[in-house]
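Summary of structural features
What follows is the residue order along each chain.
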Amino acid sequence: GAGVSQSPSNKVTEKGKDVELRCDPISGHTALYWYRQSLGQGLEFLIYFQGNSAPDKSGLPSDRFSAERTGGSVSTLTIQRTQQEDSAVYLCASRPSFGPMAGELFFGEGSRLTVL
Amino acid sequence: KQEVTQIPAALSVPEGENLVLNCSFTDSAIYNLQWFRQDPGKGLTSLLLIQSSQREQTSGRLNASLDKSSGRSTLYIAASQPGDSATYLCAFSVGYNTDKLIFGTGTRLQVFP
């Protein structure tokens, strides 16, 4: 597609349930990022992929959070046993690794997660 | 810990004014700096990217400058319009094709007619 696509756009779940959030990056972008934006807070880095590997997962808040990327394309962020403090907008971004746009991040519109 | 501060946190101005948004960072070893805008309920839209070897970038009514020695970046918006109303975020990276951007908390701008 033309831009970074995320699904679902909105997710309401009950505390303790597992959720999966999906990101389709821009075709050909080798780098993919997940960020979290809580109400009134700045963007918090979660994890970074280069291809299918994750050289930096230092931002994942706990072992309930995991992410994978397959085929150098689609990524899934999984949150197990959700807690109310997980409520936030989860933003995905991608960028090309080469060329004049190599440093520029392109963001999706986010998945808004609400944990009741 | 790397920190990014944006001043002011909020700004409300009449249409037509020229604006300056400030971004300061504690790590002078930044590689590049990027400015974004975020509309309510939306993702981030990239405005300008200043690469390591550059000092400024311009796009239309927007001009961003970067002074690594002082740890500051400035976004200048000329002849502001109501459509410029949004939150403006700066973010920097610390290495070539590095793993992450460090974001500021943003300046919320409102331009009224």
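Just above, that's the structure.
Sequence order as written defines residue numbering, which begins from 1 separately in each chain. Each chain gets a letter, beginning with A, and each ligand a number, beginning with 1, in the order they are written. A pLDDT threshold of at least 70 governs which residues receive local features in this predicted model, and a stricter bar of 80 or more applies before side-chain atom pairs are shown or counted, although totals over entire chains, interfaces and linings include all residues. The side-chain figures draw on all heavy atoms in the structure; neither hydrogens nor water molecules are used.

Describing the nonpolar core
Core analysis: the largest hydrophobic core is formed by 24 residues, its most contacted members being B:L33, B:W35, B:L75, B:I77 and B:Y88. Per the convention used, a helix needs a DSSP run of H or I reaching at least four residues, while a strand needs a run of E reaching at least two, with both numbered from the N terminus. Of all elements in the fold, only β3 (19–25), β4 (32–38), β5 (44–50), β7 (62–67), β8 (72–77), β9 (86–93) and β11 (107–112) of chain B reach the threshold of two or more residues within this core. A contact between two residues is defined here by any heavy atoms of the two lying within 4.5 Å. Aside from chain neighbours lying at most four places away, what touches B:L33 is B:C23, B:F25, B:L48, B:L49, B:I50, B:L66, B:S73, B:A91 and B:F92. Of all hydrophobic cores here, the second largest spans 19 residues; its members include A:V19, A:C23, A:W34 and A:A88. Definition used in this section: a nonpolar core is a set of buried Ala, Val, Leu, Ile, Met, Phe, Trp, Tyr and Cys residues joined via side-chain atoms within 4.5 Å. Buried residues are those whose accessible area, probed at 1.4 Å on protein chains only, stays under 20% of the maximum for their type, while exposed residues exceed 50% and partly exposed ones sit between those limits.

Remarks on the state of the cysteines
By convention in this document, the label disulfide applies to cysteine sulfur atom pairs within 2.5 Å. Overall, the coordinates contain 2 disulfides over all chains when judged by the stated rule. Each sulfur of the disulfide joining A:C23 and A:C92 lies 1.9 Å from the other. Here the S-S torsion is close to -70 degrees, and the disulfide linking A:C23 with A:C92 is therefore left-handed. Here A:C23 is found in strand β3 (residues 19–24), whereas its partner A:C92 is found in strand β9 (residues 88–95), with 69 residues between them in sequence. On the basis of relative accessibility, which here comes to 0%, the residue A:C23 falls in the buried class. Residue classification places A:C92 among the buried residues on the basis of a relative accessible area of 0%. Through a disulfide, B:C23 is tied to B:C90; the S-S separation comes to 2.0 Å. The S-S bond linking B:C23 to B:C90 shows a torsion near 75 degrees; that makes this disulfide right-handed. Residue B:C23 is found in strand β3, and its partner B:C90 is found in strand β9; the two are separated by 67 residues along the sequence. B:C90 carries the same exposure label as B:C23, and that label is buried.

Points about the sheet that holds strand β6 (residues 56–59) of chain B
All names here are of chain B. Strand order in the open sheet formed by 5 strands is β1-β3-β8-β7-β6, and the pairing between neighbours is antiparallel. In the strand order of this sheet, the two ends are held by β1 (4–7) and β6, each with one partner. Across the sheet, the mean angle separating the axes of adjacent strands is 15 degrees when strand polarity is ignored. Paired strands, in this sense, are two strands between which DSSP finds at least two bridges. Pairing analysis gives 6 bridges linking β3 to β8, with the strands arranged antiparallel. Bridging from a neighbouring strand, S24 pairs with R72 of β8. Comment: axis = line fitted to C-alpha atoms, over the contacting stretch for helices; angle = value between 0 and 180 degrees taken between N-to-C directions.

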